[in-house]
Amino acid sequence: MYYCNLRKNDFYFFAKIDEELSLVCETKNAPSKTINREDGWRAFKIEGQLDFSLIGILAKIAQLLANNGISIFAVSTFNTDYILVKDNNFDSAIKILSENNYEIK
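Source: prediction; values computed, not measured.

K.L.:
Before we move on, could you go through the pattern of salt bridges and cite the residues and values that matter?
P.N.:
Evaluation of the coordinates by the stated rule reveals four salt bridges. For K86, the salt bridge identified is with E38, shortest N-O distance 3.0 Å. Pair noted here: K86 is in strand β6 (residues 81–86) and E38 is in the loop between β3 (20–25) and β4 (41–46), with a separation of 48 residues, a long-range link. A salt bridge links D87 to R42, with the shortest nitrogen-to-oxygen separation between them at 3.7 Å. Taken as a pair, D87 in the loop between β6 and α2 (90–99) and R42 in strand β4 lie far apart in primary sequence, 45 residues in all.

Below is the structure:
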């Protein structure tokens, strides 16, 4: 069982590749000038540090939500994974995860 944490914290995720610089953050913290932008996402975090030998944690959550018509945007860090879903799917996603033995804090 893994825990999904819904605490509100400042969240910034930067990614730089040859073609782009991406920033994932709260809408209120987004730069005013961007090339592309999509608002309306909510996030939850897989609680606890995940060992790289653990297999399929993100895949299981993604598949479970996909089977229920909910797409995700995942952000992974060294310690854990963050799963973002569109705001209108957030409550359904939490309900589906809770019904499938994921504990929501």
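K.L.:
Please provide a residue-by-residue account of the nonpolar core, values included.
P.N.:
With 14 residues, the main nonpolar core has F44, I61, L65, I70, I83, V85 and L97 as its most contacted residues. Sorting elements by how many residues they give to this core places α2 first, with five residues. Listed in part, the five residues of the second largest apolar core include F11, V24, Y82 and L84.

K.L.:
Describe in detail helix α1 (residues 57–66), supporting the description with residues and values.
P.N.:
Listed in full, the buried residues belonging to α1 are I57, I61, L64 and L65. Along α1, the residues classed as buried sweep out an arc of 95 degrees about the axis, all on the same side. Where α1 is buried, its residues touch β4, β6 and α2.

K.L.:
Break down the side chain of T80 for me, with residues and values.
P.N.:
Mapped onto the secondary structure, T80 falls in the loop between β5 (73–76) and β6. A polar atom in the side chain of T80 sits 2.4 Å from the backbone oxygen of I46.

K.L.:
So what's going on with unusual backbone geometry? Which residues, and what values?
P.N.:
Phi is positive for N101, which is not a glycine, with a value near 70 degrees. When its relative accessible area of 59% is taken as the criterion, N101 is described as exposed.

K.L.:
Before we move on, can you summarise the confidence of the model for the protein chain with the specific residues and values?
P.N.:
The predicted model of the protein chain averages 84 in pLDDT, with 87% of residues at 70 or higher. Between the elements of the protein chain, mean pLDDT differs from a low of 49, seen in strand β1 (residues 3–5), to a high of 95, seen in α2.

K.L.:
I'd like a rundown of a nonpolar patch on the surface, residues and numbers included.
P.N.:
Side chains of Y12, F14, L21 and L23 sit close together on the surface and give an oily, nonpolar patch of about 440 Å² of accessible area. Among the elements of the structure, β2 (12–17) and β3 are those that each provide at least two residues to the nonpolar patch. Tracing the sequence through the fold places Y12 in strand β2.

K.L.:
Outline α2, supporting the account with residue identities and numerical values.
P.N.:
All buried positions along α2 are accounted for by F90, A93, I94, I96 and L97. The buried side chains of α2 occupy one side of the element, clustering within an arc of 165 degrees when seen end-on. Opposite the buried face of α2, at more than 90 degrees from it, the exposed residues are D91, K95 and E99. With its phi angle positive at about 70 degrees, N101 sits one or two positions after the end of α2.

Definitions and cut-offs
- All residue numbers refer to position in the chain's written sequence, counted from 1.
- pLDDT decides what is reported in this predicted model: residues at 70 or higher carry local features, side-chain atom pairs at 80 or more are listed and counted, and totals for whole chains, interfaces and linings draw on all residues regardless.
- Side-chain measures here rest on the full set of heavy atoms in the structure, leaving out hydrogens and waters.
- Each reported salt bridge corresponds to a side-chain nitrogen of Lys or Arg within 4 Å of a carboxyl oxygen of Asp or Glu.
- Secondary structure elements are defined from DSSP: runs of H or I of at least 4 residues count as helices, runs of E of at least 2 residues count as strands, and each element is numbered from the N terminus.
- As used in this record, nonpolar core signifies buried Ala, Val, Leu, Ile, Met, Phe, Trp, Tyr and Cys residues forming a set joined through side-chain atoms within 4.5 Å.
- Burial here depends on accessible area, computed with a 1.4 Å probe over protein chains only, as a share of the maximum for the residue type. Under 20% is buried, over 50% is exposed, and the range in between is partly exposed.
- Comment: arc refers to directions from the helix axis out to C-beta atoms.
- Only heavy atoms matter for contacts: two residues are in contact if any of them lie within 4.5 Å across the pair.
- N or O atoms within 3.5 Å of each other form a polar contact, as long as, within protein, one can give a hydrogen and the other can take it, and as long as residues adjacent in sequence are counted only when both atoms are side-chain atoms.
- What pLDDT conveys is the predictor's confidence in a given residue, as a value from 0 to 100.
- Within this analysis, patches are made of residues with over 30% relative accessible area and no salt bridge. Like charges are joined at 9 Å or less; nonpolar side chains (Val, Leu, Ile, Met, Phe, Trp, Tyr) at 5 Å or less.
- To measure how exposed things are, a 1.4 Å probe is used in the Shrake-Rupley method; for residues, cover is taken only from the protein chains shown.

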